[in-house]
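A structural walkthrough
Residues per chain, in single letters:
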2 protein chains.
Amino acid sequence: MSRTPLHPTREQIELPMVLDCLSDPIRLAIVYQLAQQERVSSELRCGDFSGLGAKSNLAYHFAKLRECGLMQTRVAGTNRFMRLRREDLEARFPGLLDAVIKSAAKDAERLQLLAGCEVVEAD
Amino acid sequence: MSRTPLHPTREQIELPMVLDCLSDPIRLAIVYQLAQQERVSSELRCGDFSGLGAKSNLAYHFAKLRECGLMQTRVAGTNRFMRLRREDLEARFPGLLDAVIKSAAKDAERLQLLAGCEVVEAD
DNA sequence: CCTTATGTTCAATGTTTATTGAACTATTGA
DNA sequence: TCAATAGTTCAATAAACATTGAACATAAGG
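Just so it is clear, the structure is predicted and the values come from calculations on it, not from any experiment. (Residues numbered from 1 in each chain as written. Chains lettered and ligands numbered in written order. Predicted model: local features only at pLDDT ≥ 70, side-chain atom pairs only at ≥ 80, totals over all residues. Heavy atoms only, no water.)

Glancing now at the interface of chain A and chain B. On the side of chain B, 25 residues touch chain A, which itself brings 25 residues to the contact. Roughly 2,000 Å² is buried in total at the junction of chain A and chain B, and carbon and sulfur atoms are behind 58% of that figure. Where chain A meets chain B, there are 6 salt bridges. The residue Glu11 of chain A makes a salt bridge to Arg110 of chain B at a minimum N-O spacing of 3.2 Å. Inspection of the chain A/chain B interface yields 8 residue pairs in polar contact (both at pLDDT 80 or more). Contributing elements (two or more residues each) for the side of chain A that touches chain B: helix 1 (15-22), helix 4 (86-92) and helix 5 (96-106) of chain A. In terms of residues, the side of chain A that touches chain B owes the most to one element, helix 5 of chain A, which gives 6 residues. (Contact = heavy atoms within 4.5 Å. Buried area = accessible area lost by both parts, 1.4 Å probe. Salt bridge = Lys/Arg side-chain N within 4 Å of Asp/Glu carboxyl O. Polar contact = N/O pair within 3.5 Å; in protein donor to acceptor, adjacent residues only side chain to side chain. Helix = DSSP H or I, 4+ residues; strand = E, 2+ residues; numbered from the N terminus.)

Written out as structure tokens, the structure is:
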């Protein structure tokens, strides 16, 4: 397995790529779940999203989320911890991420955003 | 030419479709141009976007923008007038459209948003 | 009428996309 | 050292997408 993957710099983050990333229901669910969890911890493992699909498909979506600058991946042992790049996104596109997450929250059931993912309390 | 095309009701507007629509550079440019023009007039003709591509390709993008609920089309003679469905979008996804348009404005040159479209003063 | 202007629709093309299962890599812990 | 765990990568597939030009429909103006 390669080392920690490449991420775009803040300046390299592009609006169309970000919007396209967020337009996929699975990726939107990943981002939403990360945002929900933020009050508890800013990071989640890949495995915490297993309710959203098969491992290899999730890896594909994780890669897209990384490439467009929405997420950071940190390697720790056999785990990868993901977090939203809130500050970078806020710097590039003020208010955008929040607006999307709030919009998603409004439609949470319609979007089946929480399919199979109980939000776990940190210990 | 068929009569005024179908538009989704406010409640039928879906977040992923809206984001996907806005993720295409040409459609983003159309929305941006409509938003810029709003201070002068809330409507633009299809032909006003001819700087963005070939007619048939634009018609394709117009259809997408209509189907996802971002635009309204009004038929008047041989012209079609388009306007942003601001109120419906604000009701469904508060703050989202503004955040996207502001983000686009920030990157206007990078996105080549105004390619071939001088904003015309109303008379 | 006939012509012109405005858009849409259609068919064809090539590209990108999401999804799957299998193979692979790397790390942990027994 | 061996097995189990966590993720990624690859190849294959089917579906969706953007783009083009030609054909079409409709309305306006001479």
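This next bit is on the packing of aromatic side chains. Each aromatic ring pair is described using two quantities: the centre-to-centre distance and the angle formed by the ring planes. All names here are of chain A. One pass over the structure, following the stated rule, counts 2 aromatic pairs over all chains. Measuring from ring centre to ring centre gives 5.7 Å for Phe49 and Phe62, while their planes differ by 65°; the resulting arrangement is edge-to-face. With a gap of 13 residues between them, Phe49 in the loop between strand 1 (44-45) and helix 3 (55-67) and Phe62 in helix 3 connect regions that are remote in the sequence. The same class applies to Phe49 as to Phe62, namely buried. (Phe/Tyr/Trp six-rings, centres within 6.5 Å; stacked < 30°, edge-to-face > 60°. Buried < 20%, exposed > 50% of the residue type's maximum accessible area, 1.4 Å probe, protein only.)

Purely geometric numbers; function is a separate question.
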